[in-house]
Amino acid sequence: MPEGHTLHRLAAQIEDLFVGRLWRVSSPQGRFAAGAGRLDGRVPQRAEAWGKQLFVHLGADIWQVHLGLYGAVSFRGDEHFAGAPTLGAPRARLEPPTVRRDEDGWVIPEPPRGAVRARLRTEHGWADLRGPATCAVLSVPEYERVVARLGPDPLREQSDAAPPDEGRPHGGPSGLEAFARRLARRRIPIAQALMDQSIIAGVGNIYRAESLFLERLDPSLPAADLSAESVAALWRRLGVQLRDGVAEGVIRTLRPEDASRHDPARRHWVYQHQGTPCLRCGAVLAVRELQGRSLYWCPGCQG
Ligand SMILES: [Zn+2]
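Novice: Looking at this structure, how should I read a nonpolar patch on the surface?
Specialist: Taken together, the side chains of Met 1, Leu 69 and Tyr 70 define a hydrophobic patch exposed on the protein surface, amounting to about 340 Å² of accessible area. Counting through the fold element by element, Met 1 comes out in the segment before α1 (4-17).

See the structure below:
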């Protein structure tokens, strides 16, 4: 599943390519036809990510996308339509399109391939959303209810240097405080708490495993039992890891300088390395199911 860094990259790319320009919105597959009709022919004003959700603001209407396990957005267009070709679940790469333009000078999109839930067009290209868990148009009160249920997102601490407008209850400089408050109320294992989007938004399976390993935290420790120092260190660690993910476009928690003694291509300390020796202590890395997701950790040096 795409973790928060992918959604922040997606928001930035939609901001670059669509915000402030007239867009056309359709639903070639048909399942988002009514929503597309509400968004079509307008000018999006702002795109933002909060955890694993994307919101595109058009005045009183807000387009909400959650990619879920399988969702992805592909981008195709002319030389002014630059950016990552696909964001989300892995897809086959396509050759750049042969650009043809209609009488208004707009790039003519290729016929939709597969089940395209939403197609966004602007003068210079188009983006296709496939396979999302959520694709909906929200009113402002509905949007406010959705974000009020989300925990703080470490990636919003930087981008939220903007004025504290539009009813953002958390995610700004108080992100750590909000995270600490939410953990203190819960007896669930910290590994489960990190996956709960109402406690912290944007963390998925890889960042959870890798941050707990680097902070030497036992994944089964009750969330409320973490010391204030551990909570702060974990928050900072996740912020660094997520920001690296935004910059690099991949999750690389094992830095090349740490990996070089082993396999320079290896990107993770513990995620999907069960049964092999821990790079820090030599114990055999473990995996178990927790709430239906695989949890990777080192029984030797965590806790
Ligand atoms: Zn270890």
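Novice: What's the story with the packing of helix α5 (residues 175-184) against helix α8 (residues 228-248) in this structure? I'm lost.
Specialist: To describe two helices that pack against each other, one gives the angle between their axes and the distance between the axes. Put simply, α5 and α8 touch, their axes get as near as 10 Å, and they point 125 degrees apart. One finds that α5 runs oblique with respect to α8. The interaxial crossing formed by α5 with α8 has right-handed handedness. Facing Gly 175, Leu 176, Phe 179, Ala 180 and Leu 183 of α5, the residues of α8 in contact are Val 231, Ala 232, Leu 234 and Trp 235.

Novice: What is the right way to read the coordination of the zinc ion from this model?
Specialist: Ideal geometry at a metal centre: 109.5 degrees between donors when four sit tetrahedrally, and 90 or 180 degrees when six sit octahedrally. Distances from the zinc ion to its protein donors, Cys 278 (SG), Cys 281 (SG), Cys 298 (SG) and Cys 301 (SG), fall within 2.3 to 2.4 Å. Going along the chain, you hit the donors of the zinc ion in the pattern C-x2-C-x16-C-x2-C. Of this pair, Cys 281 sits in the loop between α9 (256-259) and β10 (286-290) while Cys 301 sits in the segment after β11 (293-297), placing them 20 residues apart in sequence.

Novice: Would you mind showing me how to read the domain arrangement of the chain here?
Specialist: Accessible area lost during the coming together of the parts is what is often quoted as the interface size. Assigned domains of the chain: these are domain 1 (4-142) and domain 2 (152-302). For domain 1 versus domain 2, the distance between C-alpha centres works out to 29 Å. At the junction of the two partners, domain 1 supplies eleven residues and domain 2 supplies 22 residues. Counting the surface lost from both domain 1 and domain 2, the interface buries some 1200 Å², and carbon and sulfur atoms represent 55% of this. Here Arg 156 makes a salt bridge to Glu 48, at a shortest N to O gap of 3.0 Å.

What counts as what
- Residues numbered from 1 in each chain as written.
- Predicted model: local features only at pLDDT ≥ 70, side-chain atom pairs only at ≥ 80, totals over all residues.
- Heavy atoms only, no water.
- Patch = residues over 30% accessible without salt bridge, like charges linked within 9 Å, V, L, I, M, F, W, Y side chains within 5 Å.
- Areas by Shrake-Rupley, 256 points an atom, 1.4 Å probe, with all protein chains shown as cover.
- Salt bridge = Lys/Arg side-chain N within 4 Å of Asp/Glu carboxyl O.
- Helix = DSSP H or I, 4+ residues; strand = E, 2+ residues; numbered from the N terminus.
- Axes fitted to C-alpha atoms, helices over the stretch in contact; angles between N-to-C directions.
- Parallel < 35°, antiparallel > 145°, perpendicular 65-115°, else oblique.
- Left-handed = near helix turned anticlockwise from the far one by under 90°.
- Contact = heavy atoms within 4.5 Å.
- Donors = N, O, S within 2.8 Å, 3.2 Å for Na, K, Ca; no water.
- Domains from an automatic or database assignment.
- Buried area = accessible area lost by both parts, 1.4 Å probe.

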